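# Summary of structural features
Residue strings, one per chain:
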Protein chains: 2
Amino acid sequence: MNIHFTSDETSADGVRQRTFLLGVPGVLWSPAAGPADGPLLLMGHGGGLHKTHPGLVSRAEYYVTSRGWMAAAIDAPGHGERPRSSADQAWVARMMAARDAGEPLAPIVTAFNDSLAVRAVPEWQAALDALQQLPDIGTSRPVGYSGMTLASTIGIPLVAADARIGAAAFGGVFAGEELLAAARSVTVPVEFILSWDDPELDRESGFAVFDAFGSADKTLVAHPGSHREVPWHVVEGSGQFFERVLG
Amino acid sequence: MNIHFTSDETSADGVRQRTFLLGVPGVLWSPAAGPADGPLLLMGHGGGLHKTHPGLVSRAEYYVTSRGWMAAAIDAPGHGERPRSSADQAWVARMMAARDAGEPLAPIVTAFNDSLAVRAVPEWQAALDALQQLPDIGTSRPVGYSGMTLASTIGIPLVAADARIGAAAFGGVFAGEELLAAARSVTVPVEFILSWDDPELDRESGFAVFDAFGSADKTLVAHPGSHREVPWHVVEGSGQFFERVLG
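This text gives an overview of the structure that appears in the document. (Residues numbered from 1 in each chain as written. Chains lettered and ligands numbered in written order. Predicted model: local features only at pLDDT ≥ 70, side-chain atom pairs only at ≥ 80, totals over all residues. Heavy atoms only, no water.)

## Quick word on the overall build of chain A
Secondary structure summary: chain A contains 7 helices and 9 strands in total. Here the C-alpha radius of gyration of chain A, 17 Å, is about what a compact globule of 247 residues would show, namely 18 Å. With 247 residues in all, chain A has 56% of them scored as buried. Looking at chain A alone, contacts between residues at least 24 apart form 66% of all its contacts between residues at least 6 apart. Each charge class in chain A was averaged separately, 17 positive and 28 negative side chains, and the resulting centres sit 3 Å apart. (Helix = DSSP H or I, 4+ residues; strand = E, 2+ residues; numbered from the N terminus. Rg over C-alpha atoms; globule rule 2.2 N^0.38 Å. Buried < 20%, exposed > 50% of the residue type's maximum accessible area, 1.4 Å probe, protein only. Contact = heavy atoms within 4.5 Å. Lys, Arg positive; Asp, Glu negative; His and termini not counted. Charge placed at Lys NZ, Arg CZ, Asp CG, Glu CD.)

Okay, structure coming up:
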C-alpha cells in the first residue's frame, strides 16, 4: 500500500510534519532541510491519547531538531481520528468505573490493551512497510520504537514480531501474561522507564516486565512521580540510548 | 594544608595524571592542554580497591578526554598505599569468612563501611579544601562525586555534609540505618546505579536507598549483571547526568 499524504507543514524551528492516511491516519516528522542518516523512530501514544498529543509531538520534534532523525506516529484503534467501537467503548466505561470506585485497574487495562495490541501490531507493520517505500526513508535506515503505557502494550509484541525494529524504549505497563510472553521474545536493546511513585502502576509489574525482556542490553530508568511526570532529561536519555544502539 | 604533588605524567591520549600527598595519598587527572570550565569529579573507589584501580582510572580518563573535566581520587583508610590497621584487618577477615560460608554479608559490610566512612568523610573534605586552592581548580568550579559500594557508603554522608558537592552518582550499597539517614539529607541531583542481578547486593536495599534520597532530581539506572559488570554506556550516562546538572 502506498502512503498518501494529507497535509504538509513546516514549523518555525524547522520540523516538517506530514499527515498521512494508510487505512489508519498517521503523521511523519522530518527535518525541513531533509533527513540525515539517523534512525526512524516509531512513536506510540498512551491510552486515551492520539498521534499528535502534545507530549508525543514535543518528543518527536526533539529527535528531529536535536539529531536530524525522523519520527512517525499512527492512531491506535479507537483513538484520535479513529471512531471507537461499542465494544471498545464498553471497555473504557468499565475502566473509568473501576478508577472511580478505587478498584484495581490492572485486570481491565491489561485485557483491553492486549485486545488493542492484537489489532495495532499489523497496522504498525503496514505503516512501516509504506514508510520504508518513501525514498527519503528506505529500508536501510535503522528503526526504533518508543512509547509508554498502551504504546508499550502494543510495542512489545510489535518489536518481538518485527525484525526491522532494532531498539525500543518502553515503560508503564502491567505485567500481564501476554505482555510477559512477548517481552521474553524481545532481544534487541531495550530501555525501560519506570515511574517510581505511580499511583496506578505498581513497581513490581515494571520489575517483572524488565526481568522478562530477552535482551542482553537492557536498562531500567526510574524517575520520581507518575508516568504523567516523566522528566525531560529522561526523554533526552532515550535519545542518547537510541543514538548509542542505532545511531 | 597545601597540596604536594609527588609525580606528574601525561599519557599518549592527553591525560595529565598527578599524584599527591595530603595526609592521604591521592591523584588528580586533568587535560594536558589545561582544564576547561567543567566540573571537578571526586571519584571514590570500591571496597578492597584503590585510587588508581583500572576501572576508576578509565572512568576518570573518560571524563578528561571526552569532556575536558578534572577528576580526583584518594585512597580510603586501609586501602591502596595506606596500611590497614589490625582492627580493620579483623573486619576484612570476618567479611571473607562470611562470604566463604555463604552467610549474609550485609551486617558486616554495613558496619565496616560505616566505620570507614566516619574516617574518610573528613579526609575527602580536606582533600577538596586543598584541591580548591590550586589555581586551575579554584572554588567556583562545580564539584561532583561518583562511586559505588564503599565509595557510596563514604560518598552519601560526604555529600550530605558538604554543600560544595552539587551532584552525585552512587550505587551498590546495603540499606543500613546510618546510610539511610545520610541519604535523607542529600538534596542535590542524584543518579543511583542498581546492579539488577547482583549475588551480593539485594535489590530491595537499592530501592530503599533510592527512596531515601531527599533529592527532587533523582534517577535510578538499573543494568543486568553484578556491580562488577557495570556497562560502559552506564558510565557514559553518568557523564551525561553530570553534564546536565553541573555542566
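## Thoughts on the packing of aromatic side chains
Tallying each qualifying case throughout the model produces 29 aromatic pairs over all chains. Plain terms: the ring middles of Tyr145(B) and Phe170(B) are 6.0 Å apart, the flat faces sit at 40° to each other, and that makes the pair tilted. Of this pair, Tyr145(B) sits in strand β6 (residues 143-146) while Phe170(B) sits in strand β7 (residues 165-171), placing them 25 residues apart in sequence. Note on accessibility: Tyr145(B) and Phe170(B) belong to one class, buried. A centroid spacing of 5.1 Å and a plane angle of 55° characterise the contact between Phe241(B) and Phe242(B), whose relative ring orientation is tilted. The class for Phe242(B) is buried, based on a relative accessible area of 0%. The ring centre of Phe5(A) lies 4.7 Å from the NZ or CZ of Arg18(A), which sits over that ring. Between Arg94(A) and the ring centre of Trp91(A), over which it is positioned, the NZ or CZ distance is 4.5 Å. (Phe/Tyr/Trp six-rings, centres within 6.5 Å; stacked < 30°, edge-to-face > 60°. Lys NZ or Arg CZ within 6 Å of the ring centre and 35° of its normal.)

## Description of the pattern of salt bridges
A complete count under the given rule lists 28 salt bridges over all chains for this structure. Between Arg164(B) and Asp162(B) there is a salt bridge, with the nearest N and O atoms lying 2.8 Å from each other. Judged by relative accessible area, which is 28%, Arg164(B) ranks as partly exposed. Assessed through its relative accessible area of 5%, Asp162(B) is described here as buried. In this structure, the salt-bridge partner of Arg244(B) is Asp217(B), at a minimum N-O distance of 2.9 Å. In this pair, Arg244(B) sits in helix α7 (residues 232-246) while Asp217(B) sits in the loop between α6 (203-212) and β9 (218-223), placing the two residues 27 residues apart along the sequence. By relative accessible area, which is 32% here, Arg244(B) ends up partly exposed. In this structure, a network of salt bridges that share partners links the residues Lys51(A), Asp75(A) and Glu81(A). (Salt bridge = Lys/Arg side-chain N within 4 Å of Asp/Glu carboxyl O.)

## Remarks on the relation of the copies chain B and chain A
Expressed as a screw transformation, the operator carrying chain B onto chain A has a rotation angle of 180° and an axial translation of 0.0 Å, and the superposed copies differ by an RMSD of 0.0 Å. Classification of the inter-copy transformation places it as that of a two-fold axis. No C-alpha of chain B approaches the rotation axis more nearly than that of Val221(B), which lies at 2.3 Å. Interface overlap between copies: 100% of the residues of chain B at the interface are likewise at the interface in chain A, consistent with a symmetric, same-surface contact. (Least-squares fit on C-alpha atoms with pLDDT ≥ 70 in both.)

## Thoughts on the packing of helix α3 (residues 106-132) of chain A against helix α4 (residues 150-161) of chain A
To characterise two packed helices, one gives the angle between the axes of the helices and the distance between these axes. Residues and elements named next belong to chain A. Running from N to C, α3 and α4 cross one another at 50°; their axes reach a closest spacing of 8 Å. By the angle between their directions, the pair α3 and α4 is classed as oblique. Here α3 runs over α4; the crossing is right-handed. Facing Asn113, Asp114, Leu116, Ala117, Ala120, Val121, Trp124 and Gln125 of α3, the residues of α4 in contact are Leu150, Thr153, Ile154, Pro157, Leu158 and Ala161. Within the contact of α3 with α4, the residues separate by chemical class into 10 nonpolar, 3 polar and 1 charged. (Axes fitted to C-alpha atoms, helices over the stretch in contact; angles between N-to-C directions. Parallel < 35°, antiparallel > 145°, perpendicular 65-115°, else oblique. Left-handed = near helix turned anticlockwise from the far one by under 90°. Nonpolar A, V, L, I, M, F, W, Y, C, P; charged D, E, K, R; others polar.)

## Topic: the environment of Gly68(B)
All names here are of chain B. Mapped onto the elements of the fold, glycine 68 is located in the loop between α1 (54-67) and β5 (70-74). Given a relative accessible area of 12%, glycine 68 falls into the buried group. In this structure the C-alpha to C-alpha distance between glycine 68 and alanine 106, which are 38 residues apart in sequence, comes to 38 Å. Excluding anything up to four places from it in sequence, glycine 68 contacts Pro31, Pro35, Ala36 and Tyr63.

## Description of the environment of Thr110(A)
Residues and elements named next belong to chain A. Within the secondary structure, threonine 110 is located in helix α3. Along the primary structure threonine 110 and glycine 214 are separated by 104 residues, whereas in three dimensions their C-alpha atoms are 21 Å apart. Sequence-distant contacts of threonine 110, that is, excluding residues within four places in its chain, are made with Phe174 and Gly176.

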